Amino acid sequence: MVLQVMRSCAWGLGAAWMWICPGMSWAQGEPTWLLDAVTCHEVGAVMSFETSVRAQGEELRVTLPGLPNDIDVASAQIELPNELELISVSKLEVLPNLEASLSAARRDVEGRTLALELEEALLQALDQERVFLEYNRSIGGGGEVLLVDDVEEMRHYLAQKHRELALERVDLVSNIRALQLELDAAHLSLQDLEVRAAAPSQALQLVLSGTGRGDLRVHVATRRAGWVSSYDVSWDEAKDALNVERFARVVQTTGFNWEEVSLILRTGEPLGAAMSQARRPQLKRQSAMSYDGYSANVAWVNSGLSDDRAREDVLNMQAPQSSNWQHDVKGRVGVSGSGDHARVLLDSHVLPATPSWLANASLGEEALRSCHTKSWMDAGFLSGEGRVFQDGAMLGVMPLNMPAWGDSLNVMLGADQTVRISRELLRDESGTKRLSGKTVVNQVRRLQVYNLEPGVASVSVVETLPWSSGWDVSVEPSAGGVYDKDTGEVRWDGVQVDKDVPWTAEVVLKVVLPKGQTLVGF
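Not measured: the values here are computed from a predicted model.

Draft legend 1. Structural context of the environment of A241. Here A241 shows up in strand β8 (residues 241-252). The sequence separation of A241 and T373 amounts to 132 residues, and the corresponding C-alpha distance is 9.4 Å. Among all residues touching A241, those that are not within four sequence positions of it are S234, W235, D236, V350 and L351.

Draft legend 2. Quick peek at the confidence of the model for the chain. Of all residues in the chain, 84% attain a pLDDT of 70 or more, and the chain-wide mean is 84. Here residues 5-31 is modelled with pLDDT under 50, and outside its nearest four sequence neighbours on either side it reaches 26 contacts, counting other chains as well. Confidence drops under a pLDDT of 50 for residues 274-289, and excluding neighbours within four residues, the segment shows 19 contacts in the predicted structure.

Draft legend 3. View of the packing of aromatic side chains. According to the stated counting rule, one finds 5 aromatic pairs in the structure shown. Aromatic side chains Y231 and F381 sit 5.0 Å apart centroid to centroid with 50° between the ring planes, which places their arrangement in the tilted category. Of the two residues, Y231 is situated in strand β7 (residues 225-236) and F381 in the loop between α7 (376-379) and β14 (384-390); the sequence distance between them amounts to 150 residues. F381 matches Y231 in its accessibility class, with the two residues each being buried. Lying across the ring of F247, R343 places its NZ or CZ 3.9 Å from the centre.

Draft legend 4. The arrangement of the sheet that holds β14 in detail. Taken together, the 5 strands give an open sheet; going across it, the order is β11-β8-β7-β14-β15, and neighbouring strands pair in mixed fashion. Each having just a single partner strand, β11 (342-352) and β15 (393-400) make up the two edges of the open sheet. Neighbouring strand axes in the sheet, compared pairwise and without regard to direction, differ in orientation by 25° on average. Note: β14 against β15, 7 bridges, orientation antiparallel. Looking across to β15, one finds that G384 is bridged to L400.

Draft legend 5. Representation of the pattern of salt bridges. For the structure shown, the criterion picks out 25 salt bridges. Ionic pairing is found between R249 and E385, a salt bridge with its closest N-O pair at 2.9 Å. Taken together, the residues span a long stretch of sequence, with R249 in strand β8 and E385 in strand β14 at a distance of 136 residues. As far as the burial class goes, R249 and E385 line up, both buried. For R309, the salt bridge goes to D313, with nearest N and O atoms at 3.8 Å. Taken together, the residues span about one helical turn, with R309 and D313 both in helix α6 (residues 308-316) at a distance of 4 residues. R309 sits in the partly exposed class, given a relative accessible area of 41%. Through salt bridges with shared partners, a single network forms among E50, D215 and R217.

Draft legend 6. A look at the nonpolar core. If you look at the biggest cluster of nonpolar residues, it comprises 57 residues, and the most contacted ones within it are C40, L242, V250, W258 and L265. In terms of residue count, the dominant contributor to this core is strand β6 (residues 201-222) (6 residues). With 24 residues, the next largest nonpolar core counts W357, A359, L447 and V497 among its residues.

Draft legend 7. Spotlight on unusual backbone geometry. Phi at D240 is positive, roughly 50°, even though this residue is not glycine. Looking at where D240 falls in the secondary structure, it is placed in the loop between β7 and β8. The class of D240 is partly exposed, set by a relative accessible area of 46%. Unusually for a residue other than glycine, L305 sits at a positive phi of about 70°.

Draft legend 8. Seen up close, the side chain of R112. Mapped onto the secondary structure, R112 falls in helix α2 (residues 99-135). For R112, a relative accessible area of 12% translates into the label buried. Polar side-chain contacts of R112 include one of 2.9 Å to the side chain of E182.

Draft legend 9. Here's a closer look at the pairing of strand β23 (residues 503-512). Here strand β18 (residues 439-451) runs beside β23; their pairing, made up of 10 bridges, is antiparallel. Across the sheet, Q448 pairs through a bridge with T504, a residue of β23. Pairing between strand β20 (residues 472-477) and β23: 6 bridges, direction antiparallel. Looking at the pairing, V475 lines up with L509 of β23.

Draft legend 10. Geometry of the pairing of strand β22 (residues 489-498). Both strand β19 (residues 456-464) and β22 contribute to a ladder of 8 bridges, which runs antiparallel. Bridge pairing in β22 places E463 opposite V490. Summarising the sheet, strand β21 (residues 482-484) and β22 pair through 3 bridges and their orientation is antiparallel. Among the inter-strand pairings, V482 is bridged to a residue of β22, identified as R491. Hairpin connection of β21 to β22: 4 residues between the antiparallel strands, including G488 at a positive phi of 75°.

Draft legend 11. Main features of α6. Among the 9 residues of α6, 7 are classified as buried, and the element is accordingly described as predominantly covered. Within the sequence span of α6, burial applies to A310, R311, E312, D313, V314, L315 and N316. Between the side-chain oxygen of the N-cap and the backbone nitrogen of R309 there are 3.1 Å, and the N-cap of α6 in question is D307.

Draft legend 12. Up close: the environment of L204. Among the structural elements, L204 can be located in strand β6. According to the relative accessible area criterion, L204 is buried, its value standing at 1%. Sequence spacing of L204 and V62 is 142 residues, and the spatial spacing of their C-alpha atoms is 8.2 Å.

Draft legend 13. Representation of the environment of L172 in the model. Residue placement: L172 occurs in helix α3 (residues 151-198). Classification of L172 as buried rests on a relative accessible area of 7%. A C-alpha to C-alpha distance of 8.0 Å links L172 and E120, two positions 52 residues apart in sequence. If we skip the residues at most four places from it in the chain, L172 touches E119, L122, L123 and L126.

Procedures and definitions
- Residues numbered from 1 in each chain as written.
- Predicted model: local features only at pLDDT ≥ 70, side-chain atom pairs only at ≥ 80, totals over all residues.
- Heavy atoms only, no water.
- Helix = DSSP H or I, 4+ residues; strand = E, 2+ residues; numbered from the N terminus.
- Contact = heavy atoms within 4.5 Å.
- pLDDT = per-residue confidence, 0-100.
- Phe/Tyr/Trp six-rings, centres within 6.5 Å; stacked < 30°, edge-to-face > 60°.
- Buried < 20%, exposed > 50% of the residue type's maximum accessible area, 1.4 Å probe, protein only.
- Lys NZ or Arg CZ within 6 Å of the ring centre and 35° of its normal.
- Pairing = 2+ DSSP bridges.
- Axes fitted to C-alpha atoms, helices over the stretch in contact; angles between N-to-C directions.
- Salt bridge = Lys/Arg side-chain N within 4 Å of Asp/Glu carboxyl O.
- Core = buried A, V, L, I, M, F, W, Y, C linked by side-chain atoms within 4.5 Å.
- Polar contact = N/O pair within 3.5 Å; in protein donor to acceptor, adjacent residues only side chain to side chain.

Take a look at the structure:
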């Protein structure tokens, strides 16, 4: 009976606690300010906040909290309602107003602690009841005075009761574990709130005068944001065209989430963004501008906005055709303020393009397909990264850097089974000279390229030959091939291969190696 009463009390307290704190949501009230729009540049962003104000002739002070620490008062743009005037604007540090959230979080911890203590009390009472029943298992075995005449019935009752209590104990232990996890999570949430409540944030304080009411808009610039172009590319066999879906990878570390904002993308940086020092145009070597083949824009975003060198390269190396680039994103988007990337779809294009292939037997039987197009200029593409797809599967990620204005953009599309290459050793008279002891390689190789699809394929054929300093190499390719002694490659550029009509070429190779050296696996 006592156990049942305790369970009823626990249920009642738990229900009351859940009624006091429904949903466990600590966001109390509506925010005063609304982040409505963001103009995000490659380096930096302008955030546009708005709220409603009303003044009746007295001095009105309005504070915009939670701003990044690099905002500049001088660059803040303020739009006032009619009949109101701006007296001053200043930057200050304020503590976030989290009293309501802290109070609710503390109530949550107290409620969950009470619920856990009640379950533990129930478990203790149940264990005491089991001890009492265990003591009464020996009734009837030592001449004791029995409370129940039928000893067998008493034993059957005790066994049944033991089973019921064991099942109830399993449920209680499970409930206690779950409540403990919930309490630990509530403690962590409370600790996070306490840390946030003690950390001051940047704010703008506006002093207004006049009589009137309406919407107040404030535009502030920060450098803690950026974006880079990202493309999904695939070849359309039916249209002989390049399918391109253009995205923007947007990242920001302001600590303030952009939720359902109107987003505009631009190149460069905001005019109001604070600069550590004035920049002058610089000439740099191509190797200094490369980030493993990717543009500085990609390196800047991938670093989480921490690569200062990449940031400066983005700003110093603006191409003339992209200096005033702008794109208005359709709909509203959200971007986390913690540095997590958001990939936002911009538009889709079908670009007329000319395919070509690279066949190199050293890389495999399948030729590598690519295409080139000048339509990237009409679409206004910017350098970024490209994800290559084939038959709906992603093959990989590669740099997609725009060429000089007027030149063709070349896009690698992966291996193509319809264009293949084979290599055959027709003659091998290699051996070692008796007198000098030098190894001599004498070979004749035949290359054949096949096109299995209708039409003509334009293929660049490459045969990679062994090469090293001090070797005497003689190469005689047929069919107009050209040997480059610096790379050790024989190339046939722009070979036209008809369907089911293989293209054939031979390479006569003679290599004399210094004494003591050998060539293995060739």
